[in-house]
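# Structural description and commentary
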Amino acid sequence: MTLNDHPGEPIDLAVLPDNRVLHTTRRGEVWLHDPKTGLNTLAATLDVYQHDEEGLQSIALSPGFGKGSKKDDWVYLYYSPPARHPPVDDPATPDVNEGDAPITGTPADFAPFKGLIRLSRFRFTGATIDLRTEQRIMDVPVDRGICCHVGGDIVFDAAGNLYLSTGDDTNPFSSDGFTPIDERPDRNPAFDAQRSSGNTNDLRGKILRIKPRDSGGGYSIPKGNLFRPGTKDTRPEIYAMGLRNPFRIELNRRTGELYVGDYSPDQQQANPSRGPAGTGKWTVVRKAGNYGWPYCATARLPYVDYDFATGASGATFNCAAPVNESPRNTGLRELPPVTQPDVWYSYGPSPEFPELGTGGIGPMGGPAYDIGKADTRGRDSVAWPRYYDGVPLFYEWTRDYVKAMHRDGRIESVLPSIVFDNPMDMEFGPDGALYVLEYGDGYFSENPDAQLARIDYIGRTGNHSPIPVATASATAGLAPLTVAFSSTGTSDPDGDRLSYAWDFDADGRVDSRSPSGSYTYRQNGLYNATLKVTDPRGRSAATSVRVVVGNAAPVVELVRPAGGDQFSFGDVVEFEVRVTDDQPVDCAAVTVDYILGHDDHGHPQTTARGCTGSIQTTEPSGHDPETDNLTGVFVATYTDPGTGGLPPLTSSTQVVLQPTR
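A brief structural summary. Everything numeric here is computed off the predicted structure, so don't read it as measured data.

## What to know about the overall build of the chain
Within the chain, the secondary structure is distributed over 1 helix and 45 strands. A compact globule built from 661 residues should have a C-alpha radius of gyration of about 26 Å, and the chain, at 25 Å, falls within 12% of that. Counting only C-alpha atoms, the chain reaches 75 × 60 × 50 Å along its principal axes. The proportion of buried residues among the 661 residues of the chain is 58%. Once local pairs closer than 6 in sequence are excluded, the contacts in the chain between residues at least 24 apart make up 63%.

Okay, structure coming up:
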């Protein structure tokens, strides 16, 4: 069942105790879905730094949110606050991108790009998040202006300890798809993962475990982390280290098990002088440990020490006793032994885990169903069956599926008839249904297939949810604006007779109970006109149409380059963006992102500003444009300033360029 089919660029979700759902977008929005009305409303908009993968990342509710004796209303967010003077591209210099960190230089050249990603908590005030109530918990320093791997996730255990996953903040595109350990002194530090994942004195490439203080922000260190507080050259927050990009983690509060998915490098073939092919991992973390990156893909798959200055290969790293000799290492030289993951796989068929199939590598640590916390009462319960109780789910972002990881070692497909379109996050709600955030096919924008959805179990009644369709005669105009609405196309899989409820002005009150209707908007505003349809047994679904009164959404076109154009990696590509709007267009607010497309995912490389300019494309080492499925993706975006008290409106478009063969 679709809950929100206009979710922005969706990143993470959290289900409230009353089954309302919060979800984030990378651009800084937090949306709230209300299942009673079907409405999707904006709960907060954060000002965030955006370059490559940074922005608003994870969202989580405090363990005591809305329930129990320690009831509270805290919402945790992990986001990139803008710097006071952030380096951004200047449209007045179309041949230079000041927002990109230099590839080579001195420490003084790199210093302006030092930034951070912040973990904070905010009060939830019923339908919105009050950003004025921010309490800062932790800052994770990062290197800005260069790709990749900054994503994080937040989970809590039964004792109230918070786990935060962090990426290695390292560029993977100049290491031939093997381990990025470039130690050259003039090289941007972002090319050496030894400074982050392999560094016991750094918070990146880790799972951090802390206990937030009850008031005022900050945290303490619980027992059981990898290093005792006070250990020289270590950070006591570290629970698991040696991770590349643990983008999604989940925790089973009943057992204390932490489920971790860790992303893989892109090299598809092993090389004895460099190391193994790309390897994704899923594992159950029960105690603190080191998972090997950047020295070992797993405890049994070591990389080879490689000198990026001379191109010479050295010895194979010792996964039983890895040593960090990078000049950028500020932590211990001798590292803990590498822990073997529970599941590992590459691009081709896995001899150990053939159930995983073949394709890209995008492992996600999913939730374990807890039937004891699900609402199983009543004939119309949507709670999943006992069969899945305690079984963790593993989902694959690139392969569009979900697997059940049974304790006896069986790996079983979950709902194989459903295509999970680039699943971004999933969580079981208090009602026992599975809530899923899907990214869709596309790159760093709202994709046509993106959605927030809910998957109900209907085994008891066999009663399916209806499928609503809503259309409008107009979606923009000046007040007074009369719009005719229709539900034509709405259906019910069981053939049930449906009842209709329209909320044209998104105020939470029903305006019409007819299949179609008309409404006159007399005040300027942004309205999500919502249609909710319900079958005789009470199962319902909703959809909405956005109507803008008083401010038209801009229309963005990429005049140059055009979709399907050919180019060579390393070319300078000229761009021209045409924006049509009912307000004066500010070309300084136009952004053009260049993204390296690989299979069905992408890595942002740079962001330029202006209606015209040029972008230097990158040459991805470790990829062969002749054989690998590589593309150059350009995404143009414009946000108008809003008018008459209306919020700004954003539109984007993208084109895909094909490399010459």
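## Things to note about the pattern of salt bridges
Once their charged atoms are close, side chains differing in charge can pair, the charge on each being opposite to the other. If you walk through the whole model with that rule in mind, you get 34 salt bridges. The partner of R195 in a salt bridge is D143, and the shortest N-O contact between them spans 2.9 Å. With R195 in the loop between strand 11 (162–165) and strand 12 (207–212) and D143 in strand 9 (residues 129–143), this residue pair connects regions lying 52 residues apart in the sequence. With relative accessibility at 7%, the residue D143 sits in the buried group. A salt bridge links D496 to R537, with the nearest nitrogen and oxygen atoms 3.9 Å apart. With D496 in the loop between strand 33 (481–486) and strand 34 (499–503) and R537 in the loop between strand 36 (525–534) and strand 37 (540–549), the pair connects residues that are 41 residues apart, well separated along the chain. On the accessibility criterion, D496 (21% relative accessible area) is partly exposed. When its relative accessible area of 31% is taken as the criterion, R537 is described as partly exposed. Among the ionic contacts, a cluster of salt bridges with common partners joins K114, D143, D169, R195, D202 and R204.

## Quick look at the packing of aromatic side chains
Scanning the model with the defined rule gives 24 aromatic pairs in all. When the ring centre of Y401 is taken as origin, the NZ or CZ atom of K403, which lies over that ring, is 4.5 Å away.

## Looking at the state of the cysteines
Under the defined criterion, the tally for this structure stands at 3 disulfides. Shown here is the disulfide that connects C587 with C611, its sulfur atoms set 2.0 Å apart. Taking the torsion about the S-S bond as the criterion, the C587 to C611 disulfide, at about -95°, is left-handed. Here C587, found in the loop between strand 40 (572–580) and strand 41 (590–598), pairs with C611, found in the loop between strand 42 (601–609) and strand 43 (612–616); they are 24 residues apart in sequence, far enough to count as distant. On the accessibility criterion, C611 (13% relative accessible area) is buried. By sequence order of its bonded cysteines, the chain has the disulfide arrangement 1-2, 3-4, 5-6.

## Observations regarding the nonpolar core
Judged by nonpolar contacts, the single largest core of 36 residues is most densely connected at Y76, L119, M138, I154, L162 and L164. Sorting the residues of this core by element identifies strand 7 (74–79), strand 8 (114–124), strand 9, strand 10 (153–156), strand 11, strand 12, strand 14 (238–241) and strand 19 (296–298) as the ones contributing at least two each. Ranked by residue count, the leading element in this core is strand 9, at 4 residues. Setting aside anything within four residues of it in sequence, one finds M138 in contact with I117, R118, L119, L164, L203, L208, I210, Y219 and E237. F247, W384, M424 and I595 belong to the second largest nonpolar core, which has 30 residues in total.

## Quick look at the sheet that holds strand 34
One open sheet holds the 4 strands; their spatial order is 32-37-36-34, and the pairing between them is mixed. With one partner strand each, in any of the chains shown, strand 32 (476–477) and strand 34 form the two edges of the open sheet.

## Focus: the pairing of strand 24 (residues 363–368)
Looking along a regular strand, one sees the side chains alternate between the two faces of the sheet. Along strand 24, 6 of the 6 residues are buried, which leaves the element largely enclosed by surrounding structure. Strand direction decides the pairing type here: strand 24 and strand 25 (residues 392–396), joined by 4 bridges, are antiparallel. Bridging from a neighbouring strand, P363 pairs with E396 of strand 25.

## Points about unusual backbone geometry
Cis geometry is found at the peptide bond from C147 to C148, where omega equals 25°. Residue placement: C148 occurs in the loop between strand 9 and strand 10. Omega for the bond connecting A479 with P480 falls within 30 degrees of zero, at -5°, which places this linkage in the cis form. Position of P480 relative to the elements: it lies in the loop between strand 32 and strand 33. Here the phi dihedral of D52 falls at roughly 45°; this positive angle occurs in a residue that is not glycine. One can find D52 in the loop between strand 5 (40–45) and strand 6 (56–61). Accessibility expressed as a relative area gives 8% for D52, which makes it buried.

## Quick notes on the sheet that holds strand 24
The sheet built from 4 strands is open, its strands ordered 24-25-26-27 with antiparallel pairing. The open sheet is flanked by strand 24 and strand 27 (411–413), the only strands paired with a single partner. Along the sheet, successive strands turn relative to each other by an average axial angle of 30°, direction set aside.

## Quick notes on the environment of D400
You can see D400 is positioned in the loop between strand 25 and strand 26 (401–405). Residue classification places D400 among the buried positions, given a relative accessible area of 18%. In this structure the C-alpha to C-alpha distance between D400 and I117, which are 283 residues apart in sequence, comes to 29 Å. Those residues in contact with D400, other than ones at most four positions away along the chain, are I418, V419, F420, D421, N422 and P423. At 2.8 Å, the side chain of D400 and the backbone nitrogen of N422 are in polar contact.

## What about the pairing of strand 12?
Within strand 12, 5 of the 6 residues are buried, leaving the element largely enclosed by the surrounding structure. Here strand 12 pairs with strand 14 via 2 bridges, running antiparallel. By the bridge assignment for strand 14, I207 is matched with A240. The pairing of strand 12 with strand 13 (residues 219–220) spans 2 bridges and is classified as antiparallel. Following the sheet pairing, K211 is matched in strand 13 by S220. Taking the residues that link successive antiparallel strands as the turn, the strand 12-strand 13 hairpin has 6 residues, and the phi of G216 there is positive, at about 85°.

## A word on the environment of G99
Mapped onto the secondary structure, G99 falls in the loop between strand 7 and helix 1 (107–110). A relative accessible area of 2% means that G99 is categorised as buried. Setting aside residues up to four positions removed in sequence, G99 forms contacts with H51, P87, V88, D89, F113 and G145.

## A short note on the side chain of Q57
Mapped onto the secondary structure, Q57 falls in strand 6. A polar contact is formed between the side chain of Q57 and the backbone oxygen of E53, at a distance of 2.9 Å. Among all residues touching Q57, those that are not within four sequence positions of it are I11, D12, T24, R26, Y78, Y79, V150, G151, G152 and F247.

Thresholds, definitions, all that
Residues numbered from 1 in each chain as written. Predicted model: local features only at pLDDT ≥ 70, side-chain atom pairs only at ≥ 80, totals over all residues. Heavy atoms only, no water. Helix = DSSP H or I, 4+ residues; strand = E, 2+ residues; numbered from the N terminus. Rg over C-alpha atoms; globule rule 2.2 N^0.38 Å. Buried < 20%, exposed > 50% of the residue type's maximum accessible area, 1.4 Å probe, protein only. Contact = heavy atoms within 4.5 Å. Salt bridge = Lys/Arg side-chain N within 4 Å of Asp/Glu carboxyl O. Phe/Tyr/Trp six-rings, centres within 6.5 Å; stacked < 30°, edge-to-face > 60°. Lys NZ or Arg CZ within 6 Å of the ring centre and 35° of its normal. Disulfide = S-S within 2.5 Å. Core = buried A, V, L, I, M, F, W, Y, C linked by side-chain atoms within 4.5 Å. Pairing = 2+ DSSP bridges. Axes fitted to C-alpha atoms, helices over the stretch in contact; angles between N-to-C directions. Polar contact = N/O pair within 3.5 Å; in protein donor to acceptor, adjacent residues only side chain to side chain.

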